[in-house]
Amino acid sequence: VRARFILLVLGVAVAAAPTSATAALADAEVVLTPVATLSSPVALATRPNDPALYIAEQEGLVQRVVDRQATKILDISERITSGGEQGLLGLTFAADGNTLYVSFTDRRGSLAVKAYGFSEAGKVKRRSGRNIIKVAHPGETNHNGGNIAFGPDGHLYIGTGDGGGGGDPGENAQDLESLLGKILRIDPTRRGGYSIPAGNPFVGQPGRDEIWAYGLRNPWRWSFDRLTGDLWIGDVGQNHWEEIDFQPASSNGGEDYGWDNMEGTEEFEGPVPPNHTPPVFAYPHNGACSVTGGYVYRGSNIPNLQGAYVFGDFCVGELLAFTDPASDLRALNANVGQFHLASFGEDESGELYVLSLGGGVFRIDPAP
Ligand SMILES: [Ca+2]
Ligand SMILES: [Ca+2]
Ligand SMILES: [Ca+2]
């Protein structure tokens, strides 16, 4: 509780970020309803016209959960490196629900994205796996990013960490010839591999064509607002500041989110980059340790939460939310305790879920 109040008092709202709020966040009362207990759940996805929750376990399994019953549908544990910040890190479905994409740390420590054919029965097709992209991650084992999602533009976005260690020793995040410390945007191709969307910001000029945005340290969890298409990024900080970054749907990409010249709103190695996009909200490490980016709530069960960005911190144990971080940031009064908040998820109707690395998966419901 102490950490919560310190965080709320000391957080820095840099710029108002409109979320199209329609109701009073201050009146939102929520509870957490258990929907599954798994082994180190780290990511959740759904697919169209399918009631199941698909949940990635860090050790390499994908579980299909219906009515609190989990069924293993994929096991790549023998193909990956798991533990610490490595493992199976992300999953998402193609818009038609016929392809499952997973991201993971491969046996060599690289970040890999792989695609699997998916049947109407909710199963991975045998021998359908194909490699989409690998991003080498030499040396260190931390900061692997790993979130993957299709944007409203239909392209696949991939978050990558800066390569790990402290203070980005490889200076990767600001290096436009490195795929580390970035959000990438690609088009997976049917037989594996990918093509580059023509509109990517560094096509036809210096810089890797896969790069969509840069200057990130470890964009562990980020999401698109399903209503507006805006992109919300939780970027894990170094020693002082955790931050939430924002990219409007109208963006053409190429944003520099600052790392490692900047940490939050402060110079880290400096100087301030000429085209720095500062976070919309940054908070210090007083009791907090690592931001877990969430979602803008667009469900229907909790009207007072409508339009609020819901996120958290691995060490704080409170769900946090704002529609404008300068005016209505608050801790949601859900009793989550110190539960190691690993990730959030969103289902087909816009309801949100919370994943604890300790095993619990919960739906955020209105308080009775
Ligand atoms: Ca550095
Ligand atoms: Ca280029
Ligand atoms: Ca930043």
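In this report, we go over the structure that sits alongside the text.

What counts and how
Residues numbered from 1 in each chain as written. Chains lettered and ligands numbered in written order. Predicted model: local features only at pLDDT ≥ 70, side-chain atom pairs only at ≥ 80, totals over all residues. Heavy atoms only, no water. Helix = DSSP H or I, 4+ residues; strand = E, 2+ residues; numbered from the N terminus. Rg over C-alpha atoms; globule rule 2.2 N^0.38 Å. Buried < 20%, exposed > 50% of the residue type's maximum accessible area, 1.4 Å probe, protein only. Contact = heavy atoms within 4.5 Å. Areas by Shrake-Rupley, 256 points an atom, 1.4 Å probe, with all protein chains shown as cover. Lys, Arg positive; Asp, Glu negative; His and termini not counted. Charge placed at Lys NZ, Arg CZ, Asp CG, Glu CD. Donors = N, O, S within 2.8 Å, 3.2 Å for Na, K, Ca; no water. Salt bridge = Lys/Arg side-chain N within 4 Å of Asp/Glu carboxyl O. Pairing = 2+ DSSP bridges. Axes fitted to C-alpha atoms, helices over the stretch in contact; angles between N-to-C directions. Disulfide = S-S within 2.5 Å.

**Observations regarding the overall build of the chain**
Looking only at helices and strands, the chain features 1 helix and 28 strands. Its C-alpha atoms give the chain a radius of gyration of 19 Å, within 12% of the compact-globule value 21 Å for 368 residues. Considering only C-alpha atoms, the chain reaches an extent of 50 × 50 × 35 Å along its principal axes. Counting all 368 residues of the chain, 61% fall into the buried class. Considering only residue pairs separated by 6 or more positions, the chain has 56% of its internal contacts joining residues 24 or more positions apart. Accessible area for the chain stands at about 14200 Å²; split by element, carbon and sulfur atoms hold 48% of it. Treating the 27 positive side-chain charges of the chain as one cloud and the 44 negative ones as another, the clouds have centres 13 Å apart.

**Quick word on the coordination of the calcium ion (ligand 3)**
For the calcium ion (ligand 3), the protein coordination sphere consists of Glu 243 (OE), Glu 243 (OE) and Tyr 257 (O), at 2.2 to 2.8 Å. Of this pair, Glu 243 sits in strand S18 (residues 241-247) while Tyr 257 is found in the loop between S18 and strand S19 (262-263), placing the two residues 14 residues apart along the sequence. Glu 243 gets classed as buried once you look at its relative accessible area, which sits at 5%. The exposure class assigned to Tyr 257 is buried, which follows from its relative accessible area of 1%.

**What about the pattern of salt bridges?**
Here the structure, examined in full by the defined rule, presents 9 salt bridges. The partner of Glu 120 in a salt bridge is Arg 47, and the shortest N-O contact between them spans 3.8 Å. Of this pair, Glu 120 sits in the loop between strand S9 (111-117) and strand S10 (130-135) while Arg 47 sits in the loop between strand S3 (41-45) and strand S4 (53-57), and the two are 73 residues apart along the sequence. Between Arg 208 and Glu 210 there is a salt bridge, and its shortest N-O distance comes to 3.2 Å. With relative accessibility at 29%, the residue Arg 208 sits in the partly exposed group. One connected set of salt bridges, linked through shared partners, spans Arg 47, Asp 50, Arg 64 and Glu 120.

**Focus: the coordination of the calcium ion (ligand 2)**
At this site the calcium ion (ligand 2) is bound by Phe 202 (O), Gln 205 (O), Gly 207 (O) and Asp 209 (OD), with donor distances of 2.3 to 2.4 Å. The exposure class of Phe 202 is buried, given its relative accessible area of 9%.

**A look at the sheet that holds S9**
One open sheet holds the 4 strands; their spatial order is S7-S8-S9-S10, and the pairing between them is antiparallel. Among the strands making up the open sheet, the edge pair consists of strand S7 (88-93) and S10. The average angle at which neighbouring strand axes cross in this sheet is 15°, direction not considered. Pairing of S9 with S10 involves 5 bridges; the strand directions are antiparallel. Bridge pairing links Val 113 to Ile 133 in S10.

**Brief notes about the pairing of strand S5 (residues 61-66)**
Of all the 6 residues making up S5, 5 are buried; the element is thus mostly covered by neighbouring parts of the structure. Two strands pair when backbone bridges link them, and S4 and S5 are joined in this way by 5 bridges, in the antiparallel orientation. Directly across from Leu 53, in S5, lies its bridge partner Val 65. Between S4 and S5, which pair antiparallel and follow one another directly, the connecting turn spans 3 residues, one of which, Gly 60, has a positive phi of 125°.

**Some details on the environment of Gly 350**
Its place among the elements puts Gly 350 in the loop between strand S26 (341-346) and strand S27 (352-356). Classification of Gly 350 as buried rests on a relative accessible area of 0%. As for Gly 350 and Asn 301, which are separated by 49 residues in sequence, their C-alpha atoms are 9.2 Å apart. Setting aside residues up to four positions removed in sequence, Gly 350 forms contacts with Arg 226, Tyr 297, Arg 298 and Gly 299.

**Some remarks on the state of the cysteines**
Applying the stated criterion to the full structure yields 1 disulfide. Between the sulfur atoms of Cys 289 and its disulfide partner Cys 315 the distance amounts to 2.0 Å. Here the disulfide of Cys 289 and Cys 315 is right-handed, its torsion about the S-S bond being about 90°. With Cys 289 in the loop between strand S21 (281-284) and strand S22 (291-296) and Cys 315 in the loop between strand S23 (309-313) and strand S24 (319-322), the pair connects residues that are 26 residues apart, well separated along the chain. Residue classification places Cys 289 among the partly exposed residues on the basis of a relative accessible area of 24%. The class for Cys 315 is partly exposed, based on a relative accessible area of 26%.

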